[in-house]
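Below are the chains, spelled out letter by letter.
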Amino acid sequence: MECADVYKWLQAYLDASVTAEQERAVEAHIRACLECRRKLVELARAVNALERSEPLPPRAEFTRRLYEALQKEAGVPVGDPVRKPRRG
Ligand SMILES: [Zn+2]
């Protein structure tokens, strides 16, 4: 799978509207590809921000699980959108 394909699927992935096979393919790619991981985190944050203004969307739980998986498996610091990388 190439990055361009992953980008196309990321939104569907966050919506949990990909097939199990696609989900596995996306996850396998983002584990190996820092660029797509960043893109996914960006999208996940945007989705999460939207969810805060909408009543109980069904994918809230999915997004929360995604955050946890990203933090655990990829070491991506998500969950604190205001945190900025330390300089120096
Ligand atoms: Zn990629």
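Fair warning: this is a prediction, and the values are worked out from it, not measured in the lab.

Caption draft 1: Inspection of the overall build of the protein chain at higher detail. Scanning the protein chain from terminus to terminus reveals 4 helices and 0 strands. Reading the helices (α) and strands (β) of the protein chain from amino to carboxyl end gives α-α-α-α. Here the protein chain, with 88 residues, has 15% of them falling under the buried criterion. Across the protein chain, every contact between residues at least 6 apart in sequence was considered, and the portion connecting residues at least 24 apart equals 50%.

Caption draft 2: Just the nonpolar core, in detail. Counting 12 residues, the largest nonpolar core is built from Val 6, Leu 10, Tyr 13, Leu 14, Val 26, Ile 30, Cys 36, Leu 40, Val 41, Ala 44, Leu 66 and Leu 70. Elements represented by at least two residues in this core include exactly helix H1 (3-14), helix H2 (20-32), helix H3 (34-51) and helix H4 (60-74). With sequence-adjacent residues up to four places away left out, Leu 10 is seen in contact with Lys 39, Leu 40 and Leu 43.

Cut-off values and rules
- Residues numbered from 1 in each chain as written.
- Predicted model: local features only at pLDDT ≥ 70, side-chain atom pairs only at ≥ 80, totals over all residues.
- Helix = DSSP H or I, 4+ residues; strand = E, 2+ residues; numbered from the N terminus.
- Buried ≥ 20, exposed ≤ 12 C-beta atoms within 10 Å, placed from the backbone.
- Contact = placed C-beta atoms within 7 Å.
- Core = buried A, V, L, I, M, F, W, Y, C linked by C-beta atoms within 7 Å.

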